[in-house]
Amino acid sequence: MAADNSFDIVSKVDVQEVRNAIDQAVKEVRARFDLKDSKSEIKLENEDKDIQLASENEYKLDAVKEILSQKMVKRGIPLKNLEYGKVEPATGSSVRQKVTLQQGVPSEKAKEIVRVIKDSKKKVQATIQGDTVRITGKDRDTLQEVIALLRGKDFGIDLQFTNFRSN
C-alpha cells in the first residue's frame with residue numbers, strides 16, 4: 001500500500017518581527033521633523049492581534065501608516081495579512097486606526113482554496129483543519145503542481161506551504 005504525501009497551507013505572521021517593525025517605526029516617527037510633535041503612536045494590543053495607530057490628523061496618520069508598512073516590508077512581513085479598519089476620531093482633534101493581524105487561513109478563504117483545487121481536477125484531497133488546509137495525494141509532483149497553482153492565484157492573504165511530508 002502506497003503512503004500519501006501531504007503539506008499544509010497556512011497564513012502566519014511572525015509576531016516578534018511585527019514587534020521589531022513597530023519599534024523601528026516608532027523610532028523613525030519620533031525622529032522625523034514633520035511628525036516630531038504630532039503625538040503619533042503605534043502600539044501592539046489584544047495579545048498581539050491588533051496594532052493601534054494614532055496621530056493628530058489623517059494626513060499624519062497616513063504618514064505613520066506608510067512608515068510602518070515600509071518597516072514591515074523590510075522585515076519580511078506580508079502586507080496582505082494586515083487588515084486596516086476605518087479611521088476613527090479620538091480625543092481632542094486626533095484620529096486613530098486599528099490594524100488587525102491575520103493569523104491563520106479564514107474559513108471563507110479555506111473554502112475558496114479547496115474549491116480552486118477541486119476545480120483543477122488534480123488527484124489530491126483538500127481538507128480544512130481549523131485555520132490550516134491540508135493537501136494529501138499519492139504523487140509528490142502533483143502536490144508541487146498544486147502549490148504552483150495556488151501561488152498563481154490571489155486569495156487576498158499571504159499563503160505559506162509548510163509541513164511537506166513524503167512517506
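Relevant structure appears above.
First, a word on what this report is: a plain description of the structure on this page. Worth saying up front: this structure is predicted, and the values here are computed from it rather than measured. (Residues numbered from 1 in each chain as written. Predicted model: local features only at pLDDT ≥ 70, side-chain atom pairs only at ≥ 80, totals over all residues. Heavy atoms only, no water.)

1. Brief notes about the pattern of salt bridges
By the definition in use, this model includes 13 salt bridges. Measuring nitrogen to oxygen at the nearest pair gives 3.3 Å for the salt bridge that ties E88 to R96. Taking relative accessible area as the criterion, R96 reaches 35% and is therefore assigned partly exposed. Close ionic contact of K122 with E145 constitutes a salt bridge, the shortest N to O distance being 3.2 Å. Of this pair, K122 sits in the loop between helix 3 (107-119) and strand 7 (124-129) while E145 sits in helix 4 (residues 140-152); the two residues are 23 residues apart in sequence, bridging distant segments of the chain. Given a relative accessible area of 29%, K122 falls into the partly exposed group. (Salt bridge = Lys/Arg side-chain N within 4 Å of Asp/Glu carboxyl O. Buried < 20%, exposed > 50% of the residue type's maximum accessible area, 1.4 Å probe, protein only. Helix = DSSP H or I, 4+ residues; strand = E, 2+ residues; numbered from the N terminus.)

2. What about the packing of aromatic side chains?
Under the definition given, this model contains one aromatic pair. Here F7 and F161 contribute two aromatic rings whose centre-to-centre distance is 5.9 Å and whose plane-to-plane angle is 70 degrees, an arrangement assigned as edge-to-face. Taken as a pair, F7 in strand 1 (residues 5-10) and F161 in strand 9 (residues 160-165) lie far apart in primary sequence, 154 residues in all. Of note, K65 hangs over the ring of Y84, and the distance from its end group to the ring centre comes to 5.3 Å. (Phe/Tyr/Trp six-rings, centres within 6.5 Å; stacked < 30°, edge-to-face > 60°. Lys NZ or Arg CZ within 6 Å of the ring centre and 35° of its normal.)

3. Re the layout of surface pockets
In this model, the largest pocket occupies a volume close to 170 Å³. Lining the largest pocket are 13 residues, and of these K39, A54, S55, A90 and S94 lie nearest its centre. The class makeup of the residues in the lining of the largest pocket is three nonpolar, five polar and five charged. (1 Å grid on protein atoms, 1.4 Å probe; cavity = no way out; pocket = protein on both sides within 12 Å on 5 of 7 lines; lining within 4 Å. Points joined across faces, edges and corners; volume = space filled by probe spheres on them. Nonpolar A, V, L, I, M, F, W, Y, C, P; charged D, E, K, R; others polar.)

4. Considering the side chain of D8
Take D8: it is sitting in strand 1. Only 2.6 Å separates the side chain of D8 from the side chain of R134, close enough to count as a polar contact. Apart from the residues lying within four places of it in its own chain, the contact partners of D8 are V133, R134, Q160, F161, T162 and N163. (Polar contact = N/O pair within 3.5 Å; in protein donor to acceptor, adjacent residues only side chain to side chain. Contact = heavy atoms within 4.5 Å.)

5. Comments concerning the pairing of strand 3 (residues 50-55)
In terms of burial, strand 3 is a largely internal element, six of the six residues being buried. Across the two faces of strand 3 the burial is the same, with D50, Q52 and A54 and I51, L53 and S55 all buried. Sheet analysis places strand 2 (residues 41-45) next to strand 3, joined by five bridges and oriented antiparallel. For L44, the partnering residue across the bridge sits in strand 3 and is I51. A loop of four residues connects strand 2 with strand 3, the two strands running antiparallel in sequence, and N46 in this loop sits at a positive phi of about 50 degrees. Direction of pairing for strand 3 relative to strand 6 (residues 95-101): antiparallel, over a ladder of six bridges. Note that in strand 6 the partner of D50 across the bridge is T100. (Pairing = 2+ DSSP bridges.)

6. Structural notes on the packing of helix 1 (residues 15-31) against helix 2 (residues 58-74)
Two numbers describe a pair of packed helices, the interaxial angle and the distance between the axes. One way to put it is that helix 1 packs onto helix 2 with a least axis distance of 9 Å and a crossing angle of 135 degrees. Of the possible angle classes, the one that applies to helix 1 and helix 2 is oblique. Crossing of helix 1 over helix 2 shows right-handed handedness. On the side of helix 1, the interface is formed by V18, A21, I22, Q24, A25, E28 and V29, while helix 2 contributes V64, I67, L68, K71 and M72. (Axes fitted to C-alpha atoms, helices over the stretch in contact; angles between N-to-C directions. Parallel < 35°, antiparallel > 145°, perpendicular 65-115°, else oblique. Left-handed = near helix turned anticlockwise from the far one by under 90°.)

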